[in-house]
Amino acid sequence: MATFLHSALPDSFKTGKNRKSQFILLSVILLLSFVHIRAVWGYPTLFWGDHGLWLNQVERFARGEGLYTDFVYHFPPVSIWIMGTLGKLFGTNLDAMWTWTALVYVVIMLLYWVYTSRLLEPGLRLGAVTSGMVLSAAYANILSAPLPLGMYTPSAPLGFLILLGTVLLVLDLMRHARPLNAAAIGFLCALLILTKQDFWMPALYLVLVSSVIAGRDGRANIVAIALLLGTFGVTIVAAGAVVVDSAGWDTLVGLVGGLHDVNYSIGRGLPSWQRIIAELVTLSLVGLGLGICIVSSRGFAFHRVRRWMVVLASTACLTAAIHIVMTYIVALNPVLAAGAEYTTPTQGFQSGAAVIDVGLLSRSVRFLASEIQIRIFPLLLPVAVFVLLWSRRNHLPKGKAHQVVLILLGLVITARLRRGFEYVEWYHFLLEIPIYVLAVQLIFFGRPREIKRGLNIGLACLTAIGLFSYWDMAPGFGTRTGELVTVETPKGTIHAFENEAKDYREISAALAQLDPSGTRPLLASGYSGPYNYYFDRKNPVAITLGFTFASMPPNRIIEDFKTASPAPILLRNSLLDSMVVPDYQLDPMRWGFDKIANPVFELEHHYFDRLISGCTRGTNIPSWSYGIFSLYDCASPDWSQDRGQDWGTN
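Residues numbered from 1 in each chain as written. Predicted model: local features only at pLDDT ≥ 70, side-chain atom pairs only at ≥ 80, totals over all residues. Heavy atoms only, no water.

Mind showing me how you'd approach the packing of aromatic side chains here?
Given two aromatic rings, their pairing is described by the distance between the two centres and the angle made by the two planes. Overall, the coordinates contain 23 aromatic pairs when judged by the stated rule. Considering the side-chain rings of Phe90 and Trp100, the 5.2 Å spacing of their centres and the 50 degrees angle between planes classify their relative orientation as tilted. Within this pair, whereas Phe90 is found in helix 4 (residues 78–90), its partner Trp100 is found in helix 5 (residues 94–119), the two being separated by 10 residues in sequence. Accessibility expressed as a relative area gives 23% for Trp100, which makes it partly exposed. (Phe/Tyr/Trp six-rings, centres within 6.5 Å; stacked < 30°, edge-to-face > 60°. Helix = DSSP H or I, 4+ residues; strand = E, 2+ residues; numbered from the N terminus. Buried < 20%, exposed > 50% of the residue type's maximum accessible area, 1.4 Å probe, protein only.)

This is the structure we're talking about:
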């Protein structure tokens, strides 16, 4: 243990024993990866959601349409360049696309194996890798498709793949400040900037840290710093020039805000009293759980940590009681008023319970449990570990291990800024688990064998939590959702909930009745891209996600629609008529976030109604889950009712 702490980056393959343990670990990683890929293959969740949207965007690029001109993608261009090019070469059907996203997933896990091996001694790697893989597999499904299928956008897994590779190079730079190593870090950090806005702060942090590391020997490493900053800047400028040349300067500037998306989503990670209290509950439970694992492994006698255990247990109980009581109180107001609307997520969760009974209280407890589950690694955790290590830095064992942990904790904090207090991302587990394990070893270095045993108990508990969360949140075989209904689409086979499968089949039949040839283009309200992809019909205009995020003015899009040939078909989803979203605004007098009408769809309705006014209703399709889908035939349009007025802002 002492040797390990004096070398933050041990060579994992020095002895035959290490080689054998690494081979076993690699086998476990490949086995778990294969099992997970097989279990989720064909389960993209809601067929007209985000997953289908990016598949359509990739397909439009593969067909030769212009990125940011003929269609919009909220993120920087690298993932579309990569996936779209693969689509050109190998096709854009589901099996082809999922093959590439599954490969990205496997490479991520292989890099996670290397990353864990760089930080942890052999006896802790299996627990860290297993818990990280299971938790990331579970939490990637929050508002998203499974990780091996590309999630809600391939920018997310591709971005983390690049981030993890960059971290490994930075760790190597700490041993040897090689100029080529520094250049590679600069290039990868530039790719992070060009992949997804979530990774901008981590990329800038790694550039800064790497510059400091490379310059620690003074002038001898001025070449390494110059190469790092040079490749970083040149790569970004070159990619920016490509975007400007194809889509204009305004598009490049607009990418900073996700092409209008940041206007509606920037507040998603803001704190509220409800979120802060849930964070404190979870942080206390994490600390208490670690203490129990250490005591149970005889790392310390209970009387030595009794005070801290009592403080953590008391904090957990007090904050949990506050959360339950406040949730109960907030829910009572609309419940007491018959017919009142539920204006907050908390009230919506509580709706349907009696005014004062055990049912309402149990819902409050379950609501807290769901809050704990989605932030099992709370935002406050890396901050607390960083403060604890920094305050004890003079009492830690000699060597560079604590410097490595502090640097990586800084990276973790920057990576947490995008999601904030909303929930923990899947890749946070992969990035953070080895860091926390090493941090605990540093703090309790006096009893290495017992602490190691306690950590393995804790990692086993994390794996159990991950398995439950996977069962609860993931789609597919062996989960709470169970086996779903098989649906054959022109792009391949998917598995969907029974109601969604019925919706798909009835819309498909209605489209075939209107256009048996399947050649007429389709435009759907809201998320048009998924319908275009899964029904294999082209979009007649330059939008994939409504008029709000279009690459050209709405009036221009409407004119393009009117002149499209052959005549297009309109599809409207009535669910969007009453769509509400949380109002992410700071308010010290409010417990949670209120709900407001979705401003994106308010604008969408106006312009979509202008198109509907010139077309003939084809059929209404009562949805089994989401209201009514309405088809409109624009084969013989009458645009005399369209006054062509603008409304709102774009």
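When you look at the side chain of Thr319 in this model, what are you seeing that I'm missing?
Relative to the helices and strands, Thr319 resides in helix 14 (residues 302–336). The class for Thr319 is buried, based on a relative accessible area of 6%. Setting aside residues up to four positions removed in sequence, Thr319 forms contacts with Ile277, Leu280 and Val281. (Contact = heavy atoms within 4.5 Å.)

Is there a simple way to explain the pairing of strand 2 (residues 492–496) in this structure?
Within a regular beta strand, the side chains point alternately toward one face of the sheet and then the other, so they alternate between its two faces. Most of strand 2 sits inside the fold, with 4 of its 5 residues counted as buried. Here strand 1 (residues 485–489) runs beside strand 2; their pairing, made up of 5 bridges, is antiparallel. Each bridged residue has a counterpart across the sheet, and for Val487 the counterpart in strand 2 is Ile494. Hairpin remark: strand 1 followed by strand 2, antiparallel, with 2 residues in the connecting loop. (Pairing = 2+ DSSP bridges.)

Help me out: how do you make sense of unusual backbone geometry in this one?
Backbone phi values are negative for most residues with the exception of glycine, while trans is the configuration of most peptide bonds. With an omega of 0 degrees, the peptide bond between Ser565 and Pro566 qualifies as cis. Mapped onto the secondary structure, Pro566 falls in the loop between helix 23 (554–562) and strand 4 (569–573). The phi dihedral of Tyr68 is positive, around 75 degrees, even though this residue is not glycine. Among the secondary structure elements, Tyr68 is positioned in the loop between helix 3 (50–62) and helix 4. On the accessibility criterion, Tyr68 (4% relative accessible area) is buried. Although it is not a glycine, Met151 sits at a positive phi angle of roughly 60 degrees. By the element assignment, Met151 lies in the loop between helix 6 (122–139) and helix 7 (155–173).

In this structure, what is going on with helix 7? I would like to understand it.
Its 19 residues place the ends of helix 7 26 Å apart at the C-alpha level, agreeing with the 27 Å of an ideal helix rising 1.5 Å per residue. Across the 19 residues of helix 7, 18 count as buried, placing the element largely inside the fold. (Expected span 1.5 Å × (residues − 1).)

Help me understand the confidence of the model for the chain, please; the structure alone is not making it clear to me.
Predicted coordinates in areas of low pLDDT are best not read in detail. This prediction gives the chain a mean pLDDT of 85; 89% of its residues lie at or above 70. The low-confidence segment residues 1–16, where pLDDT is below 50, has 38 contacts with residues more than four positions distant or belonging to other chains. Taken together, the stretch residues 335–340 has pLDDT below 50 and engages in 5 contacts with residues farther than four places along the chain or on a different chain. (pLDDT = per-residue confidence, 0-100.)

I'm lost on the pattern of salt bridges in this one. Help?
One side chain can pair with another of opposite charge once the charged atoms of both are near each other. This model, assessed by the stated rule, comprises 21 salt bridges. Arg60 is paired through a salt bridge with Glu65; the nearest N and O atoms lie 2.9 Å apart. In this structure, Asp633 engages Arg520 in a salt bridge whose closest nitrogen and oxygen atoms are separated by 2.6 Å. Separated by 113 residues along the polypeptide, Asp633 in strand 8 (residues 628–633) and Arg520 in the loop between helix 21 (498–514) and strand 3 (522–524) bring together distant segments of the chain. Overlapping salt bridges, with partners in common, bring together Glu59, Arg60, Arg63, Glu65, Lys491 and Asp536 in one network. (Salt bridge = Lys/Arg side-chain N within 4 Å of Asp/Glu carboxyl O.)

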